[in-house]
Amino acid sequence: MTSSREAAASSALTRRPQLADFRDRAEAAAGRDLGDAVAMHEWSVQEFREFWRLFLDWAEPVTEGSADPVCTGDDVETAVFFPEVRLNYAENLLRPLPDVDDDAVCLTAVHGDGSRDRWTRRDLREEVDRTATALAGQGVGAGDRVVVVAANNGRAVVAALATAALGATLSSGMPDMGPAALLGRFTQVEPALLALDRTGAPGWDGADGDLLDQVVTGLPTVGTVVVLDALPLPALPGVRVVRLADLLADVGPGTPRAPWPRMPFNDPLFVMFSSGTTGPPKAMVHGIGGTLLEHLKEHRLHGDLDARDTLYFQTTTAWMMWNWQLSALAVGASVVLYDGPVLGPETLWRLAAEERVTVFGTSPAHLQLSQDTGLRPAEAFDLGALRAVMSTGSVLHDWQFDWFAGAVGAQPLQSISGGTDIIGCFMLGHPELPVVRGRSQALSLGLDVAALDAAGSPVLDRQGELVCRRPFPSRPVRFLRDPDGARLHQAYYSDHPGVWTHGDVVDIAPDGTARVHGRSDGVLNIDGIRIGPAEIYRILKGLPEIAQAVAVEQRHPTTPGATRLVLLVQLHGGAVLDGELERRIRTTLRREATAAHVPALVLAVPEVPLTHSGKVSEKATRDTVNGDRVVNVDALRNPGSLATITAALRAATGQAVPAPSAEPVPTVPVPRVAPDAGDAAPVTSAIAGIWRELGVTPHAGIEDFFDLGGTSRQSMTLLRRVKLELGADVSMEQFLADPTVAGLTAAVLTTSGASAVPLLAAGDPAGTPLFLLNDAWGEVEVYRTLAELLVGAGPVYGVRAELVGVDGRRKSIDDLADEHATTLATARPEGPLRLAGFSFGGLVAFETARRLRDAGREVEFLGLLDPLPPEDSLSPVRRQLHRLTGQVGALIPGLGSRRLGDVLRHRFRPESRPVDQQALDESGGVYARHRLRRYDGPATYFRARRRIPVTGHFLSAWRAAAPRLDVVSVPGPHHDLLAGRHVVALAVQMSLAIRTAARSRRS
């Protein structure tokens, strides 16, 4: 590297920080002394408009338009920053800078074999310019969406910046994530172009096209694949495949270059994703200006980065720190990338030494690995250029600061924390403050960060919920597939209206230092005592046998409504969880904490669940020990770890899935009565009874349904029973707004009834709508995730039904089909129709489509989601086989949706069946009595792949009724097709079938 960088690093502690220069400007504007860091932060949030206006003027990004107004409101959810400003992200990263050598290296890509690619600032600007022109020639322009699948290398950076230069929106991921995880993200993006680098990615190199085929097939909006590597071009039918090098060959010195438009401040730049361990990943859209301004502030004021620095951050293209590091180019710093394997802790320290890195970004896990292996980086490598180390991704513990000071040096170890949600940090380093062991040095300037107690009041020196009370520019401008902002509101603003709630537990000291204790949804409540898992991990780190620990709550196996603490430990090689070690674990926790910190059960596992960004997934661990379905297994880097947890639980307790109680709570049917708005007590009592029967009982101050271990499937069961027993149609959105007994009671008493045809996903308003017909309870909430994942389906609606007539009798399939045909004819009087339904709804959809065709309406698409043929449409022999198949299937793990004990108990004690199960059985009787009649239109049958073999022979009954039937196989058993684990695959296949149907109609 240049000598100027090394000289800067050696005098890093003496150079005047950029923050001091900015503070001079701030003091002139404020008219008072801001020399104290706390005073500076208080001014920056109390006068946040003045702060951001002053920073925009001081940092001097290239913009056009007026900086007035700075911000349109004071409500964090609705405020808009700099609506009159326009800018281009790539221009600001790559423009020539004063006092910065345009011919100095600004980007270095280091590969696993030790080879390196380097770009000067001038070279990088030219290559991005040529690449942008090449992409523009493929139809990419402002407002389009591009996805890049590549490792952390220079080609990925060039493609990303070229996309941003054109005003298009970028989303990125790495091949190692696999098709399911990539599609879980990118189906929401609906990209027009995919840029792909297969270097070092087994299965993507063209020899075996399955992985790439799956991704491209699952992204029907992709018209072009641009290959960034030099491997043989893949054959992808129906998709244009081009090599970037070939496109660049046509962009010579005299070729007119595509313009780099300056876009509105809040136009989309990046689509980022949550980890996805609690459901389909949230697709967060971050704006151009908010992203650039926040990163400039963090890099210059908190990190003191400038043209004398070389930055390396341990990241991948799937994590926000990759995007964050790109912005360092805007301050003139040089960026180092690494796409090779990390063979041990020495790999990255060696990289830092060889590249003369001045600011090194890493994680607590990497630092701990360095400590555990006895590595002393300062003795093993020449780290003379290093002036600061940043750590993020999880909690950085006190002892790690001690190890760092002895093994690395006097450089500040800065614990920074924020998230993909804000594409930045709430807590950062500070160039003028000392490091406080175990804490972040400072709160982020301009961000009004506070800790709120349970009453919603700000507290100091106590743990509380991390919030931001005033607007800040780097909030997501929206979520994808969230047209009314409901999901965005629920994610961040529902707990404290008008205030950002981040989901972390934090304590803030009067001196402005802070410590994050973990996610607020990971806080344990043991015997009424709230415990942060980080407290347990901190104590256990003193035991040399333990490499990693995860503490979670488990529903108590014998005490209804209670929970217990389960501790999973991953041991260092050779260590064994014997009686002596377990006693030391328990004694140590009791001695250094409290009795509540002592686990009821300790399990040794070979590995703990990790997300693709390397974070421990406490949610996946908790769901596994409770026998609940892990919502999105594809969000985990090591999904096989879940099976090892189950095996360890079985070995320790003799049961793989803990029962919610030793004896089932007997079901006492509640008479269906209309709620009386003047008397809440009976409604509250009835709702509390349903919760208990589901094994979810408020206790020890915990009221939230999901905090008590309630699952999404249980929540749907709850709302079904509320409708059946109390006659109130409460929507899932109403319940999620306040998922407590009191909240549900209020919803029941005030509900005015749910829409008969609710919108489940907006889609393209101009597209042909898809109608998903009611399930066996008359509802449609079961389709919501599927609807949100569909691509090219137009608006997606659910069609509810009342299954019981005014005479108190169950309606037949024909009755329901007649009603739906009338409803759909009214909802869409002209144009083609698309229908689909799951199981019971599939049969209703089939008969509804038949009536619509008989009336002269065009049914462009009919989707049958694994409905078995009704018994009365089968021969007597097959009818008996059908019944036997259903009975046996209910007893086979993975095929039935109910536990074996429940199946046997309900079979021999019918009175013990819950009301919703009785309703399901009644729907089953209606279903069985229906006779199929011929339907001459096209239909697609989505057949569950996991089934008892004999069931497959019954497709002949459907083929006889629907001669134009097309059968598509989808993964999973019947009852889980719409669940998180399999719904992505189903959505991909449905999207393809819908697109095929539309093409057939046009042809």
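What counts and how
Residues numbered from 1 in each chain as written. Predicted model: local features only at pLDDT ≥ 70, side-chain atom pairs only at ≥ 80, totals over all residues. Heavy atoms only, no water. Helix = DSSP H or I, 4+ residues; strand = E, 2+ residues; numbered from the N terminus. Pairing = 2+ DSSP bridges. Axes fitted to C-alpha atoms, helices over the stretch in contact; angles between N-to-C directions. Contact = heavy atoms within 4.5 Å. Polar contact = N/O pair within 3.5 Å; in protein donor to acceptor, adjacent residues only side chain to side chain. Phe/Tyr/Trp six-rings, centres within 6.5 Å; stacked < 30°, edge-to-face > 60°. Buried < 20%, exposed > 50% of the residue type's maximum accessible area, 1.4 Å probe, protein only. Salt bridge = Lys/Arg side-chain N within 4 Å of Asp/Glu carboxyl O. pLDDT = per-residue confidence, 0-100. Core = buried A, V, L, I, M, F, W, Y, C linked by side-chain atoms within 4.5 Å. Expected span 1.5 Å × (residues − 1).

## Here's the deal with unusual backbone geometry
(1) Moving on: Between aspartate 68 and proline 69 the backbone carries a cis peptide bond, its omega angle lying at -5 degrees.
(2) Moving on: Position of proline 69 among the secondary structure elements: in the loop between strand S1 (63-64) and strand S2 (86-87).
(3) Moving on: If you check the backbone angles, aspartate 461 has positive phi at about 60 degrees while not being a glycine.
(4) Moving on: Phi at aspartate 866 is positive, roughly 55 degrees, even though this residue is not glycine.

## Quick look at the sheet that holds strand S15 (residues 359-362)
(1) Moving on: Spatially, S4-S3-S14-S13-S15-S16-S17 is the arrangement adopted by the seven strands of the open sheet, whose pairing is mixed. Of all the strands in the sheet, just strand S4 (116-120) and strand S17 (413-415) have a single pairing partner and so form its edges. Within this sheet the neighbouring strands show an average axis-to-axis angle of 20 degrees, counted without direction.
(2) Moving on: Pairing of strand S13 (residues 310-313) with strand S14 (residues 334-338), which is carried by three bridges, proceeds in the parallel orientation. Within S14, the position partnered with tyrosine 312 by the bridge is valine 336.
(3) Moving on: Docked against the sheet, helix H6 (residues 121-137) engages strand S3 (105-110) and S4, running at close to 90 degrees with respect to S4.

## What about the side chain of glutamine 411?
(1) Moving on: Within the secondary structure, glutamine 411 is located in the loop between helix H16 (398-407) and S17.
(2) Moving on: Within the structure, the side chain of glutamine 411 is placed 3.2 Å from the backbone oxygen of leucine 386, a separation counted as a polar contact.
(3) Moving on: Not counting chain neighbours up to four residues away, the residues in contact with glutamine 411 comprise Leu383, Leu386, Arg387, Ala388 and Phe404.

## Observations regarding the packing of aromatic side chains
Remark: the centre distance and the inter-plane angle together describe each pair of aromatic rings, the angle taken between the planes.
(1) Moving on: Considering all chains together, one arrives at 28 aromatic pairs under this definition.
(2) Moving on: Relative to phenylalanine 51, the ring of tryptophan 43 lies with its centre 6.2 Å away and its plane at 75 degrees, an arrangement referred to as edge-to-face.
(3) Moving on: Relative accessible area serves as the criterion here: at 2%, tryptophan 43 is assigned to the buried category.
(4) Moving on: Relative accessible area serves as the criterion here: at 0%, phenylalanine 51 is assigned to the buried category.
(5) Moving on: Taken together, the ring pairs in this structure connect Phe22, Trp43, Phe48, Phe51, Trp52, Phe55, Trp58, Phe81, Phe82 and Phe265 into an aromatic cluster.

## Overview of the pattern of salt bridges
(1) Moving on: If you walk through the whole model with that rule in mind, you get 50 salt bridges.
(2) Moving on: Where aspartate 623 meets lysine 619, a salt bridge forms, and the shortest distance between an N and an O atom there is 2.5 Å. Of this pair, aspartate 623 and lysine 619 both sit in helix H20 (residues 618-625), four residues apart, which is roughly one turn of the helix.
(3) Moving on: Take aspartate 623: its relative accessible area is 7%, and that puts it in the buried class.
(4) Moving on: A salt bridge links arginine 850 to glutamate 847; its shortest N-O distance comes to 2.9 Å. Residue arginine 850 and its partner glutamate 847 are both found in helix H28 (residues 840-854); the two are separated by three residues, about one turn of the helix.

## Some points on the confidence of the model for the chain
(1) Moving on: Residues at a pLDDT of 70 or more form 86% of the chain, whose mean pLDDT is 85.
(2) Moving on: For the stretch residues 1-13, pLDDT sits under 50, and the model shows 23 contacts to residues farther than four places along the chain or on other chains.
(3) Moving on: Note that residues 949-953 has pLDDT below 50 and, in this model, seven contacts with residues that lie over four places away or in other chains.

## What about the nonpolar core?
Note that soluble globular proteins tend to have their nonpolar side chains buried in a common cluster.
(1) Moving on: Grouped together as the largest cluster of nonpolar side chains are 115 residues, with contacts concentrated most on Tyr89 and Phe426.
(2) Moving on: For this core, the leading source of residues is helix H7 (residues 154-165), giving nine residues.
(3) Moving on: Not counting residues up to four positions away in its chain, the partners in contact with phenylalanine 426 are Ser417, Gly418, Ala442, Leu443, Ser444, Leu447, Val449, Leu466, Cys468, Phe472, Trp500 and His502.
(4) Moving on: Formed by 83 residues, the second largest nonpolar core is a distinct cluster that contains Leu236, Leu760, Leu977 and Leu986.

## Some words on the pairing of S4
(1) Moving on: Note that S3 and S4 share five bridges and pair antiparallel. Following the sheet pairing, threonine 108 is matched in S4 by arginine 118.

## Quick look at helix H4 (residues 48-59)
(1) Moving on: With twelve residues, H4 should cover 16 Å at 1.5 Å per step; its first-to-last C-alpha distance of 16 Å lies within 8% of that length.
(2) Moving on: Of the residues making up H4, those classed as buried are Phe48, Phe51, Trp52, Leu54, Phe55, Leu56, Trp58 and Ala59.
(3) Moving on: In this structure, the buried side of H4 is in contact with helix H2 (18-30), helix H3 (37-46) and helix H11 (288-302).
(4) Moving on: Just past H4, the residue glutamate 60 takes up positive phi, approximately 60 degrees.

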